[in-house]
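The lines below spell out each chain.
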Amino acid sequence: MDKFEEAFNKIIEKDRKVEPRDWMPEKYRQTNIRQISQHAHSEIIGMQPEGNWLLRAPSLRSKQVLLAKIQDEAGHGLYLYSVAETLGISRQEMIAQLQSGEAKYSSIFNYPTVSWADIGAVGWLVDGAAIVNQVSLQRTSYGPYSRAMVRICKEESFHQRQGYEIMCSMAFGTAEQKEMAQDALNRFWEPALMMFGPHDSDSVHKGQSMEWKIKRESNDHLRQRFIDRTVPQAQYLGLTIPDDQLKFNEETQHWETGPFNWDEFWNVVKGNGPCNQERIDHHIAAHKDNEWVREAAAAYAAKTELEVA
Ligand code: FAQ
């Protein structure tokens with residue numbers, strides 16, 4: 001082991017942060033690029049199912065709140081792309097990987113939002129799951145990623161409240177509204193649990209990512225925390241979790257679920273979910289439409305550089 005590797009191992013062992021200029025193993029760099037860019041893509045693609053309801057939000061207030069939330073997601077994507085860039089990959093490369101299907105984004109965003117209650121379920125369950133995962137990532141070993149997570153988590157808390165507020169108004173509204181809330185829960189429950197990734201036994205990156213403290217807790221551990229936190233919230237709403245095997249284990253003090261449909265998960269991850277093609281097509285079209293903005297920004301930056309020189 002050379003002195004660089006020794007210094008890196010010490011940073012990890014002492015729970016300090018790895019910074020962009022520090023030496024790091026190539027696999028550490030690549031694993032971070034993979035995870036952070038996938039995270040960034042999720043934030044950006046995740047704007048689409050919510051954007052679907054911007055022009056149909058039921059009041060001016062709900063429209064303003066939803067717009068603010070979607071703009072926050074764009075901001076999260078931008079921080080995260082910038083974080084990944086500190087590891088030596090360009091934004092253009094990351095976008096190309098997303099559009100070609102080489103890079104993944106969270107499976108959850110390949111499901112459609114067919115009613116206003118779905119916007120409630122996305123905020124409550126999807127942002128709720130994202131917070132559980134990201135609070136843990138505040139302690140990740142790569143410094144810029146960890147610091148981005150602190151800011152992002154503050155905003156995700158507001159997002160979760162936004163979703164739960166919609167669920168409350170629908171679950172305590174008319175019988176028809178309650179039915180819509182239940183239907184949204186039925187469709188989003190299992191996909192939200194799958195956001196945490198496969199079971200630990202099938203998580204290929206778990207061992208190395210935990211050893212390097214990129215991941216601080218395992219997929220199953222975080223999923224269980226989310227389930228324990230969310231079941232009482234559903235009970236308060238008077239809604240039923242769509243799992244007839246769900247039961248509370250008095251001994252462990254945890255909610256136990258039935259088995260998940262992992263075939264569906266892998267099918268969606270491989271690109272065959274209900275909206276995969278639509279999401280990527282929309283991204284490609286928007287990226288092309290906005291080419292002039294990138295060109296203008298690059299021309300402005302070049303002009304400013306000339307003036308400074
Ligand atoms: N979807 O070995 P592992 C948000 C892939 S939050 C698609 O366990 P790892 C906020 C995985 O990449 C959502 N693919 O992998 C928001 C790997 O394939 P690869 C985003 C998945 O990385 C709310 C393979 O399976 N959050 O966007 C998924 O150690 C509302 C084996 O899996 C993050 O990205 C999945 N669900 O653990 C925005 C958090 N799960 O890459 C808008 C950061 C697994 O070898 C609206 N990421 N795979 O080809 C992580 O914490 C981790 O990457 C995990 C997966 C936990 C997602």
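Residues numbered from 1 in each chain as written. Predicted model: local features only at pLDDT ≥ 70, side-chain atom pairs only at ≥ 80, totals over all residues. Heavy atoms only, no water.

**Q** Explain the pattern of salt bridges here, please?
**A** It is possible for side chains bearing opposite charge to pair when their charged atoms get close. Within the structure shown, the criterion is met by 16 salt bridges. With a closest N to O distance of 2.9 Å, R147 and E19 form a salt bridge. Within this pair, whereas R147 is found in helix α7 (residues 143-171), its partner E19 is found in the loop between α1 (3-13) and α2 (26-45), the two being separated by 128 residues in sequence. In this structure E19 comes out as partly exposed when scored by relative accessible area, which is 25%. One salt-bridge network, held together by shared partners, links E50, K69, E73 and D127. (Salt bridge = Lys/Arg side-chain N within 4 Å of Asp/Glu carboxyl O. Helix = DSSP H or I, 4+ residues; strand = E, 2+ residues; numbered from the N terminus. Buried < 20%, exposed > 50% of the residue type's maximum accessible area, 1.4 Å probe, protein only.)

**Q** Can you help me understand the site of the ligand in this one?
**A** In the vicinity of the ligand, 36 residues are found, and the nearest of them are K104, S203, H205, K215 and N219. K104 places a polar side-chain atom, nitrogen or oxygen, 2.4 Å from an oxygen atom of the ligand. Within the contact set of the ligand, an oxygen atom lies 2.8 Å away from a side-chain nitrogen or oxygen of N219. Protein chains shield 91% of the accessible area of the ligand, which is 1,100 Å² for the free molecule. Of all the secondary-structure elements, those providing two or more residues to the shell around the ligand are α2, α4 (60-85), α6 (116-137), α7 and α11 (262-272). Along the lines of polarity and charge, the residues of the shell around the ligand split into 14 nonpolar, 13 polar and 9 charged. (Near = heavy atom within 4 Å. Polar contact = N/O pair within 3.5 Å; in protein donor to acceptor, adjacent residues only side chain to side chain. Areas by Shrake-Rupley, 256 points an atom, 1.4 Å probe, with all protein chains shown as cover. Nonpolar A, V, L, I, M, F, W, Y, C, P; charged D, E, K, R; others polar.)

**Q** In this structure, what is going on with α1? I would like to understand it.
**A** The α-helix advances 3.6 residues per turn, and as a result positions three or four apart in sequence lie on the same side. Along α1, the residues that are buried comprise F8, I11 and I12. Around the axis of α1, the buried residues are gathered within 100° of arc, so they sit on the same side. Of the residues in α1, the exposed ones pointing more than 90 degrees away from the buried face are K3 and E13. Where α1 is buried, its residues touch α2 and α9 (206-211). Measuring from the backbone nitrogen of F4 back to the side-chain oxygen at the start of α1 gives 3.1 Å, which picks out D2 as the cap. Phi turns positive one or two residues past the end of α1, at D15, with a value near 65°. (Arc of directions from axis to C-beta. Contact = heavy atoms within 4.5 Å.)

**Q** How should I be thinking about the packing of aromatic side chains in this particular structure?
**A** The relative placement of two aromatic rings is captured by the distance of their centres and the angle of their planes. For the coordinates displayed, the defined rule picks out 13 aromatic pairs. A ring pair is formed by F260 and W262, whose centres lie 5.6 Å apart and whose planes are at 65°; its orientation type is edge-to-face. Residue classification places W262 among the buried residues on the basis of a relative accessible area of 16%. Each residue in the set F8, W23, Y28 and W212 is aromatic and connected to the rest through ring pairs, giving one cluster. In this structure, K3 is placed above the aromatic ring of F4, and the distance from its NZ or CZ to the ring centre is 5.5 Å. For R56, the ring lying beneath its charged end belongs to W53, and the centroid distance is 4.5 Å. (Phe/Tyr/Trp six-rings, centres within 6.5 Å; stacked < 30°, edge-to-face > 60°. Lys NZ or Arg CZ within 6 Å of the ring centre and 35° of its normal.)

Remember that the coordinates give geometry; whether it matters functionally is a separate question.
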